[in-house]
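The lines below spell out each chain.
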Amino acid sequence: MSVLPLVFTSGWASGINAYAVALLLGLFGVTGLSDEVPASLQRTDVLVVAGVLFLCEVVADKIPYVDSVWDSVHTVVRPLAGAVVAALLAGESGSLPELAAAAIGGSTALMSHLVKAGTRMAVNSSPEPFSNIAVSVAEDLGVAGIVTFAIFHPVAAAVVAGTLLLLGIVVVAFLASRIRRYLRRRAQRREEKRLAGAGSPRPPG
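Residues numbered from 1 in each chain as written. Predicted model: local features only at pLDDT ≥ 70, side-chain atom pairs only at ≥ 80, totals over all residues. Heavy atoms only, no water.

Asks: Lay out the overall build of the protein chain in plain terms, naming residues and giving numbers.
Replies: Secondary structure assignment for the protein chain yields seven helices and zero strands. Across the 205 residues in the protein chain, those meeting the buried criterion constitute 42%. Sequence separation of at least 24 residues holds for 75% of the intrachain contacts in the protein chain that already meet a minimum separation of 6. Accessible surface, the protein chain: about 10,500 Å² in total, of which carbon and sulfur atoms supply 73%. (Helix = DSSP H or I, 4+ residues; strand = E, 2+ residues; numbered from the N terminus. Buried < 20%, exposed > 50% of the residue type's maximum accessible area, 1.4 Å probe, protein only. Contact = heavy atoms within 4.5 Å. Areas by Shrake-Rupley, 256 points an atom, 1.4 Å probe, with all protein chains shown as cover.)

Asks: Help me get a handle on the pattern of salt bridges, residues and values and all.
Replies: Scanning all chains against the criterion turns up nine salt bridges. D67 is the partner of R120 in a salt bridge, and the nearest nitrogen-oxygen pair spans 2.8 Å. Of this pair, R120 sits in helix α4 (residues 98–124) while D67 sits in helix α3 (residues 66–93); the two residues are 53 residues apart in sequence, bridging distant segments of the chain. For K116, the salt bridge identified is with E139, shortest N-O distance 2.7 Å. Placement of K116 in helix α4 and of E139 in helix α5 (residues 130–152) is noted, with a sequence separation of 23 residues between them. K116 gets classed as buried once you look at its relative accessible area, which sits at 3%. One network of salt bridges, with partners in common, ties together D61, D67, K116, R120 and E139. (Salt bridge = Lys/Arg side-chain N within 4 Å of Asp/Glu carboxyl O.)

Asks: Explain the environment of V76 to me, and be specific about the residues and the numbers.
Replies: With respect to the helices and strands, the residue V76 is situated in helix α3. Separated by 30 residues in the primary sequence, V76 and G106 place their C-alpha atoms 9.8 Å from one another.

Asks: Explain the layout of surface pockets to me, using residue names and the numbers behind them.
Replies: Computed from the structure, the largest pocket encloses a volume of approximately 350 Å³. W12, I16, V115, E139 and L164 are the residues nearest the centre of the largest pocket, which is lined by 17 residues in total. Considering every element that reaches the lining of the largest pocket, the biggest residue donor is α5, with six residues. Classifying every residue of the lining of the largest pocket gives 11 nonpolar, four polar and two charged. Of the volumes computed, that of the second largest pocket is approximately 280 Å³. If you trace the second largest pocket, you find 13 residues lining it, with A18, Y19, A22, A81 and V85 closest to the centre. For the lining of the second largest pocket, the secondary structure elements donating two or more residues are α1 (4–30), α2 (44–60) and α3. (1 Å grid on protein atoms, 1.4 Å probe; cavity = no way out; pocket = protein on both sides within 12 Å on 5 of 7 lines; lining within 4 Å. Points joined across faces, edges and corners; volume = space filled by probe spheres on them. Nonpolar A, V, L, I, M, F, W, Y, C, P; charged D, E, K, R; others polar.)

Asks: Outline the nonpolar core, listing residues and values.
Replies: Membership of the largest hydrophobic core comes to 32 residues, with the highest contact counts inside it found for V7, W12, L25, V143 and V147. At the level of secondary structure, the elements contributing two or more residues to this core comprise α1, α3, α4, α5 and α6 (154–174). In terms of residues, this core owes the most to one element, α1, which gives nine residues. Residues within four places of V7 in sequence aside, it is in contact with A86, L89, L96, A101, I104 and G105. (Core = buried A, V, L, I, M, F, W, Y, C linked by side-chain atoms within 4.5 Å.)

Asks: Explain a nonpolar patch on the surface to me, using residue names and the numbers behind them.
Replies: The grouping of F149, V160, L164 and L167 at the surface amounts to a nonpolar patch, some 310 Å² of accessible area in total. You can see L164 is positioned in helix α6. (Patch = residues over 30% accessible without salt bridge, like charges linked within 9 Å, V, L, I, M, F, W, Y side chains within 5 Å.)

Asks: Describe the packing of α1 against α6, listing the residues and the values that go with them.
Replies: Two measures define how a pair of helices packs: the angle their axes make with one another and the distance between the axes. Here α1 crosses α6 at 40°, and the two axes come no closer than 8 Å. In this view, α1 runs oblique relative to α6, as classed from their interaxial angle. The interaxial crossing formed by α1 with α6 has left-handed handedness. Every residue of α6 that contacts α1 at P5, L6, F8, T9 and W12 is listed here: P154, V155, A157, A158, A161, G162, L164 and L165. Of the residues in the contact of α1 with α6, the class split is 11 nonpolar, two polar and no charged. (Axes fitted to C-alpha atoms, helices over the stretch in contact; angles between N-to-C directions. Parallel < 35°, antiparallel > 145°, perpendicular 65-115°, else oblique. Left-handed = near helix turned anticlockwise from the far one by under 90°.)

Set out below in C-alpha coordinates:
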(Lines give C-alpha, C1' and ligand atoms only; values in the text may rest on other atoms or scores of the structure.)
Protein backbone atom coordinates (compact mmCIF):
# COMPACT_ATOMS: atom_id res chain seq x y z
CA MET A 1 0.00 0.00 0.00
CA SER A 2 3.03 2.30 -0.03
CA VAL A 3 2.02 3.86 -3.34
CA LEU A 4 -1.57 4.60 -2.24
CA PRO A 5 -0.88 8.18 -1.00
CA LEU A 6 0.73 9.10 -4.33
CA VAL A 7 -2.13 7.47 -6.22
CA PHE A 8 -4.70 9.48 -4.25
CA THR A 9 -2.82 12.76 -4.62
CA SER A 10 -2.24 12.29 -8.35
CA GLY A 11 -5.95 11.51 -8.75
CA TRP A 12 -6.95 14.69 -6.93
CA ALA A 13 -4.53 16.77 -8.99
CA SER A 14 -5.63 15.13 -12.27
CA GLY A 15 -9.18 16.28 -11.61
CA ILE A 16 -7.92 19.85 -11.68
CA ASN A 17 -5.23 19.71 -14.36
CA ALA A 18 -4.45 16.26 -15.73
CA TYR A 19 -1.88 17.52 -18.21
CA ALA A 20 0.14 19.23 -15.49
CA VAL A 21 0.20 16.00 -13.48
CA ALA A 22 1.46 13.93 -16.41
CA LEU A 23 4.05 16.58 -17.30
CA LEU A 24 5.34 17.02 -13.75
CA LEU A 25 5.55 13.30 -12.99
CA GLY A 26 7.32 12.69 -16.28
CA LEU A 27 9.85 15.43 -15.59
CA PHE A 28 10.49 14.12 -12.09
CA GLY A 29 11.15 10.70 -13.56
CA VAL A 30 13.39 11.94 -16.36
CA THR A 31 15.51 14.04 -14.01
CA GLY A 32 15.87 11.16 -11.57
CA LEU A 33 14.13 12.93 -8.69
CA SER A 34 11.73 10.03 -8.26
CA ASP A 35 11.93 6.30 -8.81
CA GLU A 36 8.13 5.93 -8.53
CA VAL A 37 7.41 7.37 -11.98
CA PRO A 38 6.84 4.69 -14.64
CA ALA A 39 8.91 4.79 -17.82
CA SER A 40 5.81 5.35 -19.98
CA LEU A 41 5.33 8.80 -18.44
CA GLN A 42 8.96 9.69 -19.09
CA ARG A 43 8.79 9.18 -22.85
CA THR A 44 9.65 12.25 -24.93
CA ASP A 45 6.45 12.10 -26.99
CA VAL A 46 4.32 11.90 -23.84
CA LEU A 47 6.11 14.88 -22.32
CA VAL A 48 5.73 16.95 -25.50
CA VAL A 49 2.00 16.20 -25.84
CA ALA A 50 1.40 16.82 -22.14
CA GLY A 51 3.33 20.09 -22.35
CA VAL A 52 1.38 21.38 -25.36
CA LEU A 53 -1.99 20.43 -23.84
CA PHE A 54 -0.93 21.96 -20.52
CA LEU A 55 -0.24 25.28 -22.26
CA CYS A 56 -3.64 25.09 -23.98
CA GLU A 57 -5.30 24.52 -20.61
CA VAL A 58 -3.39 27.40 -19.00
CA VAL A 59 -4.88 29.78 -21.58
CA ALA A 60 -8.41 28.34 -21.80
CA ASP A 61 -8.71 28.05 -18.03
CA LYS A 62 -8.34 31.79 -17.53
CA ILE A 63 -11.04 32.97 -19.96
CA PRO A 64 -14.51 33.30 -18.41
CA TYR A 65 -17.07 30.83 -19.81
CA VAL A 66 -14.42 29.27 -22.04
CA ASP A 67 -13.10 27.59 -18.91
CA SER A 68 -16.50 26.03 -18.19
CA VAL A 69 -16.72 24.71 -21.77
CA TRP A 70 -13.21 23.29 -21.33
CA ASP A 71 -14.29 21.69 -18.04
CA SER A 72 -17.32 20.11 -19.72
CA VAL A 73 -15.12 18.55 -22.40
CA HIS A 74 -12.76 17.23 -19.73
CA THR A 75 -15.44 15.59 -17.58
CA VAL A 76 -14.33 12.30 -19.10
CA VAL A 77 -10.70 13.16 -19.81
CA ARG A 78 -9.63 14.06 -16.28
CA PRO A 79 -11.06 11.02 -14.46
CA LEU A 80 -9.69 8.78 -17.21
CA ALA A 81 -6.28 10.40 -16.92
CA GLY A 82 -6.39 10.04 -13.14
CA ALA A 83 -7.20 6.34 -13.49
CA VAL A 84 -4.44 5.72 -16.05
CA VAL A 85 -1.77 7.56 -14.07
CA ALA A 86 -2.81 5.73 -10.88
CA ALA A 87 -2.66 2.34 -12.60
CA LEU A 88 0.77 3.13 -14.03
CA LEU A 89 2.07 4.19 -10.61
CA ALA A 90 0.71 1.03 -9.00
CA GLY A 91 2.09 -1.18 -11.75
CA GLU A 92 5.52 0.37 -11.37
CA SER A 93 5.66 -0.16 -7.62
CA GLY A 94 3.90 -3.52 -7.55
CA SER A 95 2.45 -2.72 -4.13
CA LEU A 96 -1.14 -2.01 -5.13
CA PRO A 97 -3.29 -3.86 -7.70
CA GLU A 98 -3.62 -1.80 -10.84
CA LEU A 99 -7.43 -2.03 -11.06
CA ALA A 100 -7.81 -0.86 -7.46
CA ALA A 101 -5.39 1.98 -8.08
CA ALA A 102 -7.26 2.99 -11.25
CA ALA A 103 -10.56 3.03 -9.32
CA ILE A 104 -9.07 5.21 -6.59
CA GLY A 105 -7.33 7.59 -8.96
CA GLY A 106 -10.30 7.87 -11.34
CA SER A 107 -12.94 8.41 -8.64
CA THR A 108 -10.78 10.96 -6.82
CA ALA A 109 -10.14 12.79 -10.09
CA LEU A 110 -13.87 12.83 -10.86
CA MET A 111 -14.69 14.33 -7.46
CA SER A 112 -12.04 17.03 -7.68
CA HIS A 113 -13.06 17.78 -11.28
CA LEU A 114 -16.68 18.30 -10.21
CA VAL A 115 -15.51 20.61 -7.43
CA LYS A 116 -13.37 22.59 -9.89
CA ALA A 117 -16.16 22.82 -12.50
CA GLY A 118 -18.74 23.85 -9.90
CA THR A 119 -16.46 26.50 -8.45
CA ARG A 120 -15.82 27.92 -11.92
CA MET A 121 -19.55 28.16 -12.61
CA ALA A 122 -19.96 30.17 -9.43
CA VAL A 123 -17.01 32.42 -10.31
CA ASN A 124 -18.37 32.97 -13.83
CA SER A 125 -21.58 34.37 -12.39
CA SER A 126 -19.51 37.46 -11.53
CA PRO A 127 -19.15 39.92 -14.44
CA GLU A 128 -15.48 40.77 -13.81
CA PRO A 129 -12.75 38.42 -15.14
CA PHE A 130 -10.10 38.97 -12.45
CA SER A 131 -11.48 36.50 -9.92
CA ASN A 132 -11.49 33.86 -12.66
CA ILE A 133 -7.82 34.45 -13.40
CA ALA A 134 -6.93 34.44 -9.70
CA VAL A 135 -8.70 31.11 -9.12
CA SER A 136 -7.03 29.57 -12.17
CA VAL A 137 -3.55 30.68 -11.06
CA ALA A 138 -4.22 29.34 -7.55
CA GLU A 139 -5.26 25.98 -9.05
CA ASP A 140 -2.13 25.80 -11.22
CA LEU A 141 0.17 26.62 -8.32
CA GLY A 142 -1.72 24.25 -6.02
CA VAL A 143 -1.39 21.31 -8.40
CA ALA A 144 2.31 21.98 -9.01
CA GLY A 145 3.02 22.40 -5.31
CA ILE A 146 1.13 19.34 -4.08
CA VAL A 147 2.39 17.00 -6.82
CA THR A 148 5.95 18.11 -6.05
CA PHE A 149 5.31 17.69 -2.33
CA ALA A 150 3.87 14.21 -2.97
CA ILE A 151 7.09 13.06 -4.62
CA PHE A 152 9.05 13.66 -1.43
CA HIS A 153 6.32 13.39 1.26
CA PRO A 154 3.48 11.29 -0.22
CA VAL A 155 1.52 10.70 3.00
CA ALA A 156 1.50 14.36 4.06
CA ALA A 157 0.58 15.42 0.51
CA ALA A 158 -2.33 12.94 0.47
CA VAL A 159 -3.61 14.43 3.74
CA VAL A 160 -3.44 17.93 2.23
CA ALA A 161 -5.16 16.77 -0.98
CA GLY A 162 -7.92 15.04 1.00
CA THR A 163 -8.47 18.15 3.12
CA LEU A 164 -8.66 20.36 0.04
CA LEU A 165 -11.12 17.97 -1.58
CA LEU A 166 -13.43 18.06 1.45
CA LEU A 167 -13.16 21.85 1.67
CA GLY A 168 -13.93 22.11 -2.04
CA ILE A 169 -17.08 20.04 -1.66
CA VAL A 170 -18.22 22.31 1.20
CA VAL A 171 -17.48 25.44 -0.88
CA VAL A 172 -19.41 24.13 -3.89
CA ALA A 173 -22.39 23.32 -1.65
CA PHE A 174 -22.21 26.85 -0.22
CA LEU A 175 -22.04 28.35 -3.74
CA ALA A 176 -24.92 26.25 -5.10
CA SER A 177 -27.15 29.29 -5.62
CA ARG A 178 -24.50 31.03 -7.73
CA ILE A 179 -23.97 27.87 -9.77
CA ARG A 180 -27.71 27.68 -10.50
CA ARG A 181 -27.61 31.35 -11.53
CA TYR A 182 -24.77 30.62 -13.95
CA LEU A 183 -26.66 27.67 -15.48
CA ARG A 184 -29.82 29.79 -15.91
CA ARG A 185 -27.83 32.56 -17.55
CA ARG A 186 -26.16 30.12 -19.95
CA ALA A 187 -29.51 28.55 -20.85
CA GLN A 188 -30.96 32.01 -21.43
CA ARG A 189 -28.12 32.96 -23.78
CA ARG A 190 -28.59 29.76 -25.74
CA GLU A 191 -32.30 30.45 -26.07
CA GLU A 192 -31.65 34.02 -27.21
CA LYS A 193 -29.21 32.78 -29.86
CA ARG A 194 -31.73 30.18 -31.02
CA LEU A 195 -34.50 32.76 -31.31
CA ALA A 196 -32.20 35.20 -33.09
CA GLY A 197 -31.22 32.51 -35.59
CA ALA A 198 -34.83 31.49 -36.16
CA GLY A 199 -35.95 35.07 -36.66
CA SER A 200 -33.23 36.14 -39.11
CA PRO A 201 -34.48 36.64 -42.69
CA ARG A 202 -33.51 33.99 -45.19
CA PRO A 203 -31.51 35.10 -48.25
CA PRO A 204 -33.54 35.24 -51.46
CA GLY A 205 -33.40 32.02 -53.44
